[in-house]
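Residue-level listing of the chains:
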Amino acid sequence: MIQSVAFIGLGAMGYRMAAHLTKHFSTVLVWNRNFEKAEKHAAEYGTQAVTLNEAVQADIIFSCLPTSQDVELLMTELELKPGSVWVDCTSGVPASAKTLAAQLKLKNVDFLDAPVSGQTVGAENGTLTVMVGGDAAAFDKALPAMQTFGKLIKYVGESGAGFAVKAVNNMLMAVNLCSVAEGFTTLKAHGVNLNEALDCINASSGKSMVTETVLPQRILNRSFPLTFALPLLAKDTGIALDLIRDAKLSAPVIALTQSLIQAASDLSEKDSDFSTAVKMYESWSKITIE
Ligand code: NDP
């Protein structure tokens with residue numbers, strides 16, 4: 001029986017995800033490094049802003065930080081409650097999930113890697129996809145809490161499997177983003193109207209999430225709203241490439257895409273949305289995708 005839940009990391013995703021927990025749980029503890037965000041969340045949603053040590057006394061503890069390294073650093077020194085489940089919604093590193101799960105098991109705490117997909121709009125609407133690795137019984141225990149912000153919640157295997165699925169998913173999106181930038185600069189170079197071209201492609205076999213939402217809603221209208229930072233996408237493509245190298249596989253498209261996304265991230269201004277990766281192509285070709 002879950003008495004209390006906690007959410008650590010009230011960023012673009014976490015702030016919205018934690019809000020859904022209050023619909024099903026009377027005790028929702030929140031903590032954020034910049035504590036004003038936790039206090040704002042408490043005022044807005046009726047959660048309780050608490051210290052980090054208080055937060056980790058909950059039955060289910062969620063975290064959503066930029067990287068696995070941030071989660072590992074945060075966990076050192078913490079006294080966790082035996083019998084609790086730590087559900088990490090960070091897009092993290094599979095090897096880190098395996099290590100943390102083994103370390104926490106010694107303290108009778110389960111660790112699930114449970115990254116999410118669906119962007120901030122999915123977090124807002126409670127329609128995220130959650131891909132979960134770790135102990136199957138811990139998954140069952142945490143499921144009611146994950147259901148508050150997730151639509152498809154899938155157990156995908158042992159520790160690290162959730163992070164692996166997420167890294168490959170984001171790599172597929174990145175491959176698509178790069179190829180869309182190349183395809184649409186080519187069309188413009190040939191004098192084709194990009195909005196008309198997009199209508200055709202979105203009714204054809206080349207369509208994707210990038211052509212259906214990212215291109216019309218962020219790139220063609222030149223809005224590039226910051227909801228998912230480009231360095232976070234570069235981190236995810238790096239995790240995918242490391243997985244490929246660990247398996248000693250050859251994956252030239254993925255290796256090239258990682259280099260391109262990393263270069264775009266290195267060249268980007270601070271606080272750039274992932275969609276601004278196309279600006280690198282625009283600077284090469286002197287063609288604007290609009
Ligand atoms: P944000 O940068 O918006 O938020 C990061 C959060 O982590 C903030 O609450 C920040 O606190 C906190 N934080 C950062 N570093 C530390 C640290 N060292 N110790 C403690 N807290 C820390 O990131 P997002 O919410 O966008 O992303 C979070 C995770 O979710 C990432 O792994 C990302 O890849 C993934 N993700 C993001 C999506 C998106 O659309 N944005 C979609 C799906 C997954 P503070 O407020 O104090 O800075």
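Predicted, not measured: the structure shown is a model, and the values here were computed from it.

Q: What should I look at first to understand the site of the ligand in this one?
A: Around the ligand, the surrounding shell holds 24 residues, and the nearest of these are Ala12, Asn32, Asn34, Lys37 and Thr227. With respect to the ligand, the backbone of Gly11 contributes an N or O atom lying 3.2 Å from an oxygen atom. Summarising the interface, the protein chains cover 84% of the accessible area of the ligand, which totals 900 Å² for the free molecule. Using a 2 Å cut-off from the grid points, one finds that the ligand occupies the largest pocket. In terms of residue class, the shell around the ligand is made up of 10 nonpolar, nine polar and five charged. When residues of the shell around the ligand are sorted by domain, at least three fall in each of domain 1 (5-158) and domain 2 (164-285).

Q: Would you mind showing me how to read the domain arrangement of the chain here?
A: You'll often see interface size given as the accessible area lost when the parts meet. In terms of domains, the chain is made up of domain 1 (5-158) and domain 2 (164-285). For domain 1 versus domain 2, the distance between C-alpha centres works out to 28 Å. Opposite the 14 residues of domain 1 that make contact, domain 2 presents 13 residues. Overall, the association of domain 1 and domain 2 removes approximately 1000 Å² of surface from exposure, summing both partners, and the carbon and sulfur fraction of that is 62%. Broken down residue by residue, the surface that domain 1 buries against domain 2 is led by Ser91, Pro94 and Gln119, which jointly contribute 43%. For the pair domain 1 and domain 2, the interface holds zero salt bridges. Here domain 1 is connected to domain 2 by four residue pairs in polar contact (both at pLDDT 80 or more). Listed by contribution, the elements that provide at least two residues to the side of domain 1 that touches domain 2 are β7 (116-117) and α6 (119-125). By residue class, the composition of the side of domain 1 that touches domain 2 is eight nonpolar, six polar and no charged.

Q: Which parts of the structure should I look at to understand the pattern of salt bridges?
A: Opposite charge on two side chains makes pairing possible when the charged atoms of those side chains draw close. Using the criterion set out here, one finds nine salt bridges in the structure. A salt bridge links Arg16 to Glu124, with the shortest nitrogen-to-oxygen separation between them at 2.9 Å. Taken as a pair, Arg16 in helix α1 (residues 14-21) and Glu124 in helix α6 lie far apart in primary sequence, 108 residues in all. Under the relative-accessibility criterion, Arg16 is labelled partly exposed at 28%. Relative accessible area serves as the criterion here: at 45%, Glu124 is assigned to the partly exposed category. With a shortest N-O distance of 2.9 Å, Arg218 and Asp273 are connected by a salt bridge. Placement of Arg218 in helix α10 (residues 209-219) and of Asp273 in the loop between α12 (252-267) and α13 (278-285) is noted, with a sequence separation of 55 residues between them. Overall, the relative accessible area of 9% leaves Arg218 in the buried class. Taken together, the salt bridges that share partners define one network made up of Lys105, Asp110 and Asp135.

Q: Looking at this model, I keep getting lost on the pairing of strand β2 (residues 28-31). Mind explaining?
A: Two faces make up the sheet, and in a regular strand the side chains alternate between them. Covered by surrounding structure in β2 are Val28 and Val30 together with Leu29 and Trp31, the residues of both alternating faces. Here strand β1 (residues 5-8) pairs with β2 via four bridges, running parallel. Note that in β2 the partner of Val5 across the bridge is Val28. Between the parallel elements β1 and β2, the chain passes through α1 in a crossover that is right-handed. Between the parallel pair β2 and strand β3 (residues 48-49), the chain is carried across by helix α2 (residues 35-45), and the sense of this crossover is right-handed.

Q: Would you mind going over the UniProt feature "domain: 3-hydroxyisobutyrate dehydrogenase-like NAD-binding" (unreviewed entry) in the chain with me for this structure?
A: UniProt's feature table lists "domain: 3-hydroxyisobutyrate dehydrogenase-like NAD-binding" (unreviewed entry) at residues 160-281, given in the numbering used throughout. End C-alpha atoms of residues 160-281 are separated by 34 Å, and the span's content is 70% helix alongside 0% strand.

Q: Hey, could you run me through helix α11 (residues 230-246) in this one?
A: Since there are 3.6 residues in each turn of an α-helix, residues three or four apart along the chain are aligned in direction. Relative to the 24 Å expected for 17 residues at 1.5 Å per residue, α11 spans 24 Å between its end C-alpha atoms, a close match to the ideal helical length. Residues of α11 that are buried sit in contact with α5 (94-105), α8 (161-189) and α12. Looking at the residues trailing α11, positive phi occurs at Lys248, about 55°.

Q: How should I be thinking about the packing of aromatic side chains in this particular structure?
A: Remark: the centre distance and the inter-plane angle together describe each pair of aromatic rings, the angle taken between the planes. For the structure shown, the criterion picks out six aromatic pairs. Here Tyr15 and Tyr45 contribute two aromatic rings whose centre-to-centre distance is 6.1 Å and whose plane-to-plane angle is 65°, an arrangement assigned as edge-to-face. Of this pair, Tyr15 sits in helix α1 while Tyr45 sits in helix α2; the two residues are 30 residues apart in sequence, bridging distant segments of the chain. For Tyr15, a relative accessible area of 12% corresponds to the buried category. When the ring of Phe62 is compared with that of Phe149, the centres are 5.4 Å apart and the planes differ by 75°; the resulting orientation is edge-to-face. Taken together, the positions of Phe62 in strand β4 (residues 60-63) and Phe149 in the loop between α7 (136-146) and β9 (150-157) put the pair 87 residues apart, joining distant regions of the chain. Across the pair, exposure class does not vary: Phe62 and Phe149 are buried alike. Connected via pairs of aromatic rings, a cluster forms that spans Phe7, Phe62 and Phe149. Across the ring face of Phe224, the terminal group of Lys279 is positioned such that the distance to the ring centre comes to 4.4 Å.

What counts, and at which threshold
Residues numbered from 1 in each chain as written. Predicted model: local features only at pLDDT ≥ 70, side-chain atom pairs only at ≥ 80, totals over all residues. Heavy atoms only, no water. Near = heavy atom within 4 Å. Polar contact = N/O pair within 3.5 Å; in protein donor to acceptor, adjacent residues only side chain to side chain. Areas by Shrake-Rupley, 256 points an atom, 1.4 Å probe, with all protein chains shown as cover. 1 Å grid on protein atoms, 1.4 Å probe; cavity = no way out; pocket = protein on both sides within 12 Å on 5 of 7 lines; lining within 4 Å. Sits in = over half its atoms within 2 Å of the grid points. Nonpolar A, V, L, I, M, F, W, Y, C, P; charged D, E, K, R; others polar. Domains from an automatic or database assignment. Contact = heavy atoms within 4.5 Å. Buried area = accessible area lost by both parts, 1.4 Å probe. Salt bridge = Lys/Arg side-chain N within 4 Å of Asp/Glu carboxyl O. Helix = DSSP H or I, 4+ residues; strand = E, 2+ residues; numbered from the N terminus. Buried < 20%, exposed > 50% of the residue type's maximum accessible area, 1.4 Å probe, protein only. Pairing = 2+ DSSP bridges. Right-handed = clockwise from strand over helix to strand, strands pointing away. UniProt positions renumbered as here; feature names shortened; annotations may be inferred. Expected span 1.5 Å × (residues − 1). Phe/Tyr/Trp six-rings, centres within 6.5 Å; stacked < 30°, edge-to-face > 60°. Lys NZ or Arg CZ within 6 Å of the ring centre and 35° of its normal.

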